[in-house]
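Chains, contacts and geometry: an overview
Each chain, written out:
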Amino acid sequence: MKIENSRRDFIKTSALVTGGLMTSPFVLPGAYAAPVNELKLALVGCGGRGTGAAFQALATGHNIKIVAMADAFRDRLDTAYNALNEKYGDKLSVSEDMKFVGFDGYKNAIAQADVVILATPPGFRPMHFEEAVKQGKQIFMEKPVAVDAAGIRKVLKAAEEAKAKKLNVVVGLQRHYQANYIETIKRIHNGDIGDIINGQVYWNDGGVWVRERQPGQTEMEYQMRNWYYFNWLCGDHINEQHVHNIDVANWVKQGPPVKAEGTGGRLIRTGKENGEIFDHHVLTYTYADGSVIHSECRHFPGAQNRVDESFQGTKGTAYLSAGNYGTLKDWKGNVLYEHDRKNQPNPYQVEHDQLWATLFNGDYKFADAENAANSTMTAIMGRYATYSGKPLTFDEALNGSIDLMPETLAWDAMPKVLPGADGYYPHAIPGKTKVV
């Protein structure tokens, strides 16, 4: 079957979120129902981020009942349940038969609720989002929303169905709910520093956890436990972490780039326990107007950390960071705007405050999925470019035929990437690896 997707069509399908809306790129008009008194919530993915999202939902103060939970692992589900029960026992109504364990439990959990939180490793996001939309649920899902182009295409199709059904979808790219980003980028779009011609986005830090192989684990269980280091589950750290900064670049530029080129590799993080992913990626993204954004992410313990975004326009510069910085200057150094960093609300909480207020009012306001797919695809394109060491266009990346998901999801099934006899996993080699 010929796949006919293009960057132009991709932007068209996400025009509501990338078309220059100034205060929030997600707000849509209309309403879909009358106000409600209680909403039932299902948590799919009971790790740290899923548990955190559930806490934030309950902290909104609305009449929310968690009625179902699902995770591949029972111990993760139990840990999340116990943490939630300790603080919000009166809002937790999850009987034993509503605790679903395994690869297919998400379907049953979603069926019990009005609203779902999808927070498993991102490789599962497309199928979980697709199911939640099919069942007509309101949705909060974590970023990124896929790990390959096949998953992105599935998300885009489900996003169109979600809009047709007027299902609210909020995605955890929380900078879109953070005041310094909203206010500073609004001024960038107003032309305060002219046309953006260059930019730099970074997620450089020391890396994350490693979970060692345990006796008796199948290969599937080991990869699932150590999911950050396998592309079918994580998509590499350019996708899992750096997507936040890449998303800001696309927000500023009001659309995805047309081309990516760069390189990367495994310089420090080279052990058997580090799976197949790189520990650094360095890229340039070229946008339709010829402007170029430098993109860099690395996991080097002990090296200087940097997580922020900066942009240069024809009239001045912009600097942004998650630490509530938002500054615009002209080329003489005069401050044009500086965000007041005092008493800023937590954007992780804000996204839930806004979503749940909307749901309890019976409104339809949020369609984040296309924007999230846009930024996730940009990160995936970056991985394709660094793995191959060759430039490629957005259209080439979006139409790529690689599907990383295993043929069968079962504890005794085999993922597509397996260790060699020496215990090391094969990984990409720039200049040799083919990605699309």
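From a predicted model like this one, the values you see are computed outputs, not experimental measurements. (Residues numbered from 1 in each chain as written. Predicted model: local features only at pLDDT ≥ 70, side-chain atom pairs only at ≥ 80, totals over all residues. Heavy atoms only, no water.)

Some points on the pattern of salt bridges
- Considering all chains together, one arrives at 18 salt bridges under this definition.
- K99 is the salt-bridge partner of E96, the closest N and O atoms lying 2.9 Å from each other.
- Look at K99 and you get buried, because its relative accessible area is 12%.
- In this structure, R225 engages E221 in a salt bridge whose closest nitrogen and oxygen atoms are separated by 3.6 Å. With R225 and E221 both in helix 9 (residues 219-225) and 4 residues apart, this pair spans about one turn of that helix.
- Several salt bridges converge on common partners, so that one network encompasses R74, D78, E96 and K99. (Salt bridge = Lys/Arg side-chain N within 4 Å of Asp/Glu carboxyl O. Buried < 20%, exposed > 50% of the residue type's maximum accessible area, 1.4 Å probe, protein only. Helix = DSSP H or I, 4+ residues; strand = E, 2+ residues; numbered from the N terminus.)

Considering the sheet that holds strand 1 (residues 39-44)
- Strand order in this open sheet of 6 strands is 3-2-1-4-5-6, and the pairing throughout is parallel. Two strands close off the open sheet at either side, each with one partner strand: strand 3 (99-101) and strand 6 (169-171). When strand polarity is set aside, the average angle formed by the axes of neighbouring strands in this sheet is 15°.
- Summarising the sheet, strand 5 (residues 138-141) and strand 6 pair through 3 bridges and their orientation is parallel. Along strand 6, the bridge assignment pairs M141 with V171. (Pairing = 2+ DSSP bridges. Axes fitted to C-alpha atoms, helices over the stretch in contact; angles between N-to-C directions.)

What to know about the confidence of the model for the chain
- Across the chain, pLDDT averages 94, with 92% of residues at or above 70.
- Note that pLDDT drops below 50 for residues 13-31; the model gives that stretch 47 contacts with residues more than four away or on any other chain. (pLDDT = per-residue confidence, 0-100. Contact = heavy atoms within 4.5 Å.)

Regarding the nonpolar core
- M69, F129, F311 and W356 are the most contacted members of the largest nonpolar core, which totals 125 residues.
- It is helix 13 (residues 369-388) that provides the largest number of residues to this core, a total of 10 residues.
- Split by domain, the residues of this core number at least three in each of domain 1 (39-175) and domain 2 (179-342 + 368-399). (Core = buried A, V, L, I, M, F, W, Y, C linked by side-chain atoms within 4.5 Å. Domains from an automatic or database assignment.)

Here's the deal with the domain arrangement of the chain
- Annotation of the chain at the domain level lists domain 1 (39-175) and domain 2 (179-342 + 368-399).
- Between domain 1 and domain 2, the C-alpha centre-to-centre distance is 25 Å.
- With 32 residues of domain 1 at the contact, the number on the domain 2 side is 37 residues.
- Of the roughly 2,700 Å² buried between domain 1 and domain 2 on both sides combined, carbon and sulfur atoms contribute 66%.
- Residue D75 is joined to R225 by a salt bridge in which the shortest nitrogen-to-oxygen separation is 3.0 Å.
- Between the two partners, domain 1 and domain 2, sit 13 residue pairs in polar contact (both at pLDDT 80 or more). (Buried area = accessible area lost by both parts, 1.4 Å probe. Polar contact = N/O pair within 3.5 Å; in protein donor to acceptor, adjacent residues only side chain to side chain.)

Regarding unusual backbone geometry
- The step from K143 to P144 runs through a cis peptide bond, and the omega angle for that step is -20°.
- Here P144 shows up in the loop between strand 5 and helix 7 (149-164).
- In the Ramachandran plot, K166 falls in the positive-phi region, its phi being about 55° despite a non-glycine side chain.
- Residue position: K166 is located in the loop between helix 7 and strand 6.
- Looking at K166, the relative accessible area reads 36%, which means it is partly exposed.
- Even without being a glycine, N343 presents a positive backbone phi close to 55°.
- Checked against the element boundaries, N343 lands in the loop between strand 14 (335-338) and helix 12 (347-360).

Observations concerning the pairing of strand 9 (residues 280-286)
- With 7 bridges connecting them, strand 8 (residues 259-265) and strand 9 associate as antiparallel partners. From the neighbouring strand, A260 faces strand 9, where its bridge partner is Y285.
- Summarising the sheet, strand 9 and strand 10 (residues 292-299) pair through 7 bridges and their orientation is antiparallel. Among the inter-strand pairings, Y285 is bridged to a residue of strand 10, identified as I293.
- Counting the residues in the hairpin turn of strand 9 and strand 10 gives 5 residues, including G290, whose phi is positive at 90°.

Remarks on the state of the cysteines
- Under the definition given, this model contains 0 disulfides.
- Cysteine C46 remains unbridged, with the sulfur of C234 as its closest cysteine sulfur at 19 Å.
- Left unpaired, C297 is separated from the closest cysteine sulfur, that of C234, by 11 Å.
- The exposure class of C297 is buried, given its relative accessible area of 1%. (Disulfide = S-S within 2.5 Å.)

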